[in-house]
Every structure is written in structure tokens, then in C-alpha cells.
Amino acid sequence: MKPIHYFNVYLLLQVVSLSSVVSLEPVTTGIAVVTAVAASTLVATHKFLTCKFYECCNEGWVKSNFTGMKETLIRKLHGQHLVIDVTIKSLKAHLKSRQPEKAMVLSFHGWTGGGKNFVSRIIADHLFVKGMESEFVHLFVATLHFPHESKIETYKDQLREWIKGNVTLCAKSMFIFDEIDKMPHGLIDTIKPYLDYYQEINGVDYRRTIFIFLGNTGGNSITQKSLEHWRDGKKREDIQFKDMEEAVILGAYNQKGGLWHSDMIRQNLVSAFVPFLPMERRHVKMCIQDDLTSKDVL
């Protein structure tokens, strides 16, 4: 339970006090209008001061720092040039649109250790002042939150309510689904209506929401394509998104897991499939060096 904000309570009592003047005193219309304006001003002041000290869903707390995001990815994400290009372009196009057609859906694919969680944190850090600690960033881990296949109907109801409730509070919420390949089959399609081209569903607009899926599906296909590229004598940095896109989509759709034969893939509701290439030894060394530097070991 969150602590009571006593300042909020004080201001609320002031509004109630002003309102009682209207209901209990025989005042003129002019005085009533003045009282209403005063009450309205007090409410506005209350909201302003509350959002100054506590997180709110406004530009003061929800930002779009694409310059910082790109610089951080270039500096700290090693060996993943495709991730940087696709992620930045997709998010920028979505968040700079005054009226997006649908929610943003990014699906990250690749072997464990490629940086999928790391990139998710960087995105959160540059879209929300409080980063992953923001009340508007929600992380679901399949093996933690949805461990039992036998409870899939319960999970479906919970997932719908969680997303609806949080998007109602903040339209720019971000949902991260980790280990999506370990989710019970059919569960992720529960949220399909929220990703589709609807202006609203039961009064809630989901088009500014961001969904990020993290999974290992497609990892083998990505590795195979990378190996073929290397055998052809080509540089890793010359691999293009179009070289990987089909392999990633087919891997996500055909491999057993959360996206296996998913309706959202069939109906093209995923905005971008983002391939994470297998790390080379030099990239692993760079990651270790970054970690040691951050801990003041080097």
C-alpha cells in the first residue's frame, strides 16, 4: 500500500470546504461562480504540486529522449547494429506520431546473453524518468507470472485486467514480456485486441502503448544466417535487416512457445521483429570491460 500524501488530503479538504459554502450558504450567482473558480484553481494547484513530487503520466515524467537512447545503445550495446537501427526507427516513428494507428509492438529474438533485457532497460531509461522503476513500466516474466499451463484461463483474465487498468491510468504505459517462448500457448493472443487497429476498446485507447516481447525463438535461425554470412567472407556489420527478417518471423511462428502459430503474427500486428546476432568473443570482452568499468574495477 502506498503512503498517504497528507498534503493531498489537506488540499482535498479545502476543496470540500469551498464546495460546502455553495451548498449551505444563500449566496448570489456571482459569489457562487467565484467559489467554483477558486475550487477549480485549488484542484489544478493540487495536481501541479502532486506531479512535481510524485510520478504522473505527463511530459515531466514520460519523455522521449531518442538522442540519449541512441548514444547509449551505440556506446554500450556491442555487436548489435541491427538492433540499434530497427529499435530507434520504430520507437521514434511511433512516439512522434500525433495519432498512431496502433500500439507499438517490438519482438526481440536471439540466444540468451545477446542483450534483449539490456536493451529493454535502456529503452525504459530514456522514455521514463524513473526507468524500470516507473509505475508505468510493467515487466512480466513467463516462468514467474505464468508458470502453470493448467491455469491459463485465470492468467488470461488477470492479463486483460492488468493491461486495461494500467493503460487507463497512463496511455503511454510500457509492457515487457520476458521469456515469451516459455509462456503457455495461446496466452499472449489474449492481448491481441489491444495491439490491433482500434481507436478504443470499452473507452480505453491503447494506441500509444508499447509492448516488448523477449524470447529465444528464432535464435537458431539467426545464428545459422550469421554463420552463412561469415562463410561467404562478409563482414558482420554488413548484415542487413532484410537478411534476417524472414528467418526471425518463421522461427517465432513455427517454434513451440508463446508466439507459436500466434494470431498476432498471422495478422501482422507485430511492428518489428528485432534480431539479436550471436555474440563474438570480442563483443563478450567489451561487455566484461564495460561491467568492470561501471564497478570501478578498471
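Before reading on, note that the structure itself is shown above.
As the structure is a computational prediction, the values presented were derived from the model and not from experiment.

Q: What should I look at first to understand the sheet that holds strand 3 (residues 174-178) in this one?
A: Pairing between the strands of a sheet is mediated by backbone hydrogen bonds and can be parallel or antiparallel. With parallel pairing, 5 strands are arranged side by side in an open sheet as 2-3-4-1-5. Every interior strand has two partners, whereas the edge strands, strand 2 (137-141) and strand 5 (272-275), have only one. In this sheet, neighbouring strand axes are inclined to one another by 15° on average, regardless of whether the strands run parallel or antiparallel. Sheet topology places strand 2 next to strand 3; 5 bridges connect them, and they run parallel. Bridge assignment links Val141 to a residue of strand 3, and that residue is Asp178. Docked against the sheet, helix 10 (residues 241-254) engages strand 1 (104-109) and strand 5, running at close to 105° with respect to strand 5.

Q: Could you clarify how one ought to interpret the state of the cysteines in this entry?
A: Enumeration over the complete set of coordinates arrives at 2 disulfides. A sulfur-sulfur distance of 2.1 Å marks the disulfide that ties Cys51 to Cys56. Its S-S torsion of approximately -90° makes the covalent link between Cys51 and Cys56 left-handed. Residue classification places Cys51 among the buried positions, given a relative accessible area of 14%. Bridging Cys57 to Cys170, the disulfide has an S-S length of 2.1 Å. Here Cys57 and Cys170 share a disulfide; its torsion about the S-S bond, 60°, makes the bridge right-handed. Residue Cys57 is found in the loop between helix 2 (29-53) and helix 3 (66-76), and its partner Cys170 is found in the loop between helix 7 (152-169) and strand 3; the two are separated by 113 residues along the sequence. Its relative accessible area of 1% is what places Cys170 among the buried residues.

Q: What's the story with helix 7 in this structure? I'm lost.
A: Residues three or four positions apart in an α-helix share a direction because the helix packs 3.6 residues into each turn. With 18 residues, helix 7 extends 26 Å between its outermost C-alpha atoms, agreeing within 8% with the 26 Å of an ideal straight helix rising 1.5 Å per residue. Turning to helix 7, its buried residues are Ile152, Tyr155, Lys156, Leu159, Ile163 and Val167. The buried residues of helix 7 all sit within an arc of 105° when viewed along its axis, so they share a single face. Along helix 7, the residues that are exposed and aim more than 90 degrees away from the buried face are Glu161, Thr168 and Leu169. Contact partners of the buried residues in helix 7: strand 2, helix 6 (142-145), strand 3, helix 8 (192-195) and strand 4 (210-215).

Rules used throughout
- Residues numbered from 1 in each chain as written.
- Predicted model: local features only at pLDDT ≥ 70, side-chain atom pairs only at ≥ 80, totals over all residues.
- Heavy atoms only, no water.
- Pairing = 2+ DSSP bridges.
- Helix = DSSP H or I, 4+ residues; strand = E, 2+ residues; numbered from the N terminus.
- Axes fitted to C-alpha atoms, helices over the stretch in contact; angles between N-to-C directions.
- Contact = heavy atoms within 4.5 Å.
- Disulfide = S-S within 2.5 Å.
- Buried < 20%, exposed > 50% of the residue type's maximum accessible area, 1.4 Å probe, protein only.
- Expected span 1.5 Å × (residues − 1).
- Arc of directions from axis to C-beta.

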